[in-house]
Amino acid sequence: MRKWDKKTLNELKDYYSLMYEYSSNDPFQQNEYYNTISSLNYIASLNTGLHIALPSKVKYVDVVNSDLGILSTYGHYCPILRTMQPHYDNYYIGNSNLKNVKSDPKKLLQVTDDFYEDFYDTITLSYREIRKWFDTNMMFFNISKDKICSGETYGVYGTGISFYSIGIANTIQDYISVIHEAAHGINNNVNPNIMYDQEKYCFIEADALFMELIGADFVANSLNAKKEIFKLKLDTLKDYLYSCDVICTKMDMYNELSKNDKYNKKEAISFLKNGLGCDKQYIKDVTETYISELFHYIISYLTAIELYQLYKTDPDAAIIHYIQIRDIKGLSNVEYLEYVRSLGINPGENLEAYISSLLKIDKEKKLIYEKKI
C-alpha cells in the first residue's frame, strides 16, 4: 500500500498555519486559511486507506431527517429520477463477474497519462499540472472485488491541491477509477473550492463521470479489454438504476406515511413489506441508505451520458459543454440545472439510446435484455 507523503502534508500545514498568523488583521482571509488548515488536518487523519471500507452505524431518524432535507432543497431534480426509474423494471442486467487483471500503480498511471495526453488541449495542460503531485498525494491500497466505491478525491480548501485515495481490486475498474479521480483533481485545480459548493451538489460528479465513460472506451482499445469494459458499463448502469429505484421508493414512502409514521422504522418496514412487497435486502437499503449518498451521482451520471452520447457524433461540442458545466460557478442549485439545460444537455433524455447501444453489443442477450411484459 502506498500512503500520502506525510512530509508534504506537514509542509502544507506549516505553511498555511504561518499564513493564518500573518493574516490576523484580515478576518476574512484568516478564516479562509483556517478552512485550509482544517481540510488538511482532515485529510491527514485519513492517511490509512481504510476509510472507504469502514461501515457506519445508521440511525433511522437521522436518515429520514437527511432525506427530507435533500428532497426539500433539490426537489426540482426529482422528476429526472422519475423518468429514469422505469428502466429498472424494464431491463434485466446480469452479474458480470469482472476478471482479475494486474493493476500495479505504475501501469494504472501510465494508462491515465496516455488518456489525458490524448486531448492536446486545456484538459491535457490541466492534467499535467496535477500529475506533478501524484507521487506524494495519490494513495493506493488493496480492496476486494465487491467494493462499489474504489476511489475518492479530497480537495485542500482554497489551494487547488487534491489528495487521492485509490482502491485496487485487480479488475479493469482500477484503470477507470484513476481516470475518474484525476478528473476531480483537474476540476479542483481549475476551480478551487468547487467541491465545497453545495449548490452545485447535483453536478459535482458530472465531469468525472463523463471522463470515466470516454476513458473506458480508451482503456477498452488500449488494453484490448472491450469485453471487460462492456461488463463494467453494465455494472455501473445496474448500480445507478437500482439506486434511482431506491430513492423513488423512499419518496413514495415519505409521501404515503403520516408525519409521525415517517419517523417510525416499524411503520416504514411494514409499508415496504406489506404495501409494496419489498424483500428484506431492499427494505434494508431503503431504510439505511441516505439519499444524499446517491442523489448527486444519479443526476451527474445522467448528465455524463448526455455528454457521452454527443461525444460519439461531435467530440468537440461535447468537450466544450463538459468544460462549460465543469467551470460554471456561483449559481443556485435551480440555476445550475437551468444552465445545463440551456446548453441543450437534458439529464436523462438519451438514457434509452445509451441502453440501446449496450443491447446491440450483447448480441447473445446473456447480460442485458429488455423484459417482455
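Use the structure listed above.
Here is a short report on the structure shown in this document. (Residues numbered from 1 in each chain as written. Predicted model: local features only at pLDDT ≥ 70, side-chain atom pairs only at ≥ 80, totals over all residues. Heavy atoms only, no water.)

### Details of the overall build of the chain
Put simply, the rule reads: In this text, helices come from DSSP runs of H or I with a minimum length of four residues, and strands from runs of E with a minimum of two, each type numbered from the N-terminal end. Based on C-alpha atoms, the radius of gyration is set beside the globule rule, defined as 2.2 Å times the residue count to the power 0.38. Residues count as neighbours in contact if any of their non-hydrogen atoms are within 4.5 Å of one another. Exposure was quantified through the Shrake-Rupley algorithm and a 1.4 Å probe, taking into account, for residues, occlusion by the shown protein chains and nothing else. Asp and Glu are treated as the negative residues and Lys and Arg as the positive ones, with His and the ends of the chain left uncounted. Lysine's charge is taken at NZ, arginine's at CZ, aspartate's at CG and glutamate's at CD.
Summing up its helical and strand segments, the chain has 18 helices and 5 strands in all. In terms of overall size, the chain behaves like a compact globule, its C-alpha atoms giving a radius of gyration of 21 Å where 373 residues would be expected to give roughly 21 Å. Counting only C-alpha atoms, the chain reaches 65 × 55 × 40 Å along its principal axes. Long-range contacts, defined as pairs at least 24 residues apart, comprise 80% of the intrachain contacts of the chain with a sequence gap of at least 6. Working note: accessible area of the chain is about 18,100 Å², and carbon and sulfur atoms make up 51% of it. Each charge class in the chain was averaged separately, 41 positive and 50 negative side chains, and the resulting centres sit 7 Å apart.

### Some points on the sheet that holds strand 4 (residues 162-168)
Short version of the rule: One bridge is not enough; two strands pair if DSSP finds at least two bridges between them. Fitted lines through C-alpha atoms give the axes, limited to the stretch in contact for helices. The angle between two N-to-C directions lies from 0 to 180 degrees.
The 3 strands are arranged 2-4-3 in an open sheet whose pairing can be described as mixed. The open sheet is flanked by strand 2 (138-142) and strand 3 (151-155), the only strands paired with a single partner. Across the sheet, the axes of successive neighbouring strands diverge by a mean angle of 15°, strand direction being ignored. The sheet contact formed by strand 2 and strand 4 spans 5 bridges and is parallel. For M139, the partnering residue across the bridge sits in strand 4 and is S165. Against the sheet, helix 9 (residues 173-190) touches strand 2, strand 3 and strand 4, its axis set at about 170° to strand 4.

### Side note on the packing of helix 9 against helix 10 (residues 206-222)
Heads up, the rule is: An angle below 35 degrees is treated as roughly parallel, one above 145 as roughly antiparallel, one from 65 to 115 as roughly perpendicular, and anything else as oblique. Note on convention: near helix rotated counterclockwise from far helix by under a right angle means a left-handed crossing. Clockwise means right-handed. Throughout this entry, Asp, Glu, Lys and Arg are counted as charged residues, while Ala, Val, Leu, Ile, Met, Phe, Trp, Tyr, Cys and Pro are counted as nonpolar. The remaining residues, Gly among them, count as polar.
Two numbers describe how helix 9 lies on helix 10: the axes approach to 8 Å, and their chain directions differ by 140°. Relative to helix 10, the element helix 9 is oriented oblique. Of the two elements, helix 9 crosses helix 10, and the hand of that crossing is right-handed. Across the interface between the two elements, Y175, I176, I179, H180, A183, H184 and N187 from helix 9 touch D207, A208, L209, M211, E212, G215, A216 and V219 from helix 10. Among the residues making up the contact of helix 9 with helix 10, the classes are represented as 9 nonpolar, 4 polar and 2 charged.

### Considerations on unusual backbone geometry
Selection criterion: Residue burial is assigned from relative accessible area. The probe radius is 1.4 Å, only protein chains are included, and a residue is buried under 20% of its type maximum, exposed over 50%, and partly exposed in between.
In this structure, N170 is a non-glycine residue whose phi angle is positive, near 60°. Mapped onto the elements of the fold, N170 is located in the loop between strand 4 and helix 9. With relative accessibility at 30%, the residue N170 sits in the partly exposed group. Positive phi outside glycine occurs at N193, with the angle close to 80°. Among the structural elements, N193 can be located in the loop between helix 9 and helix 10.

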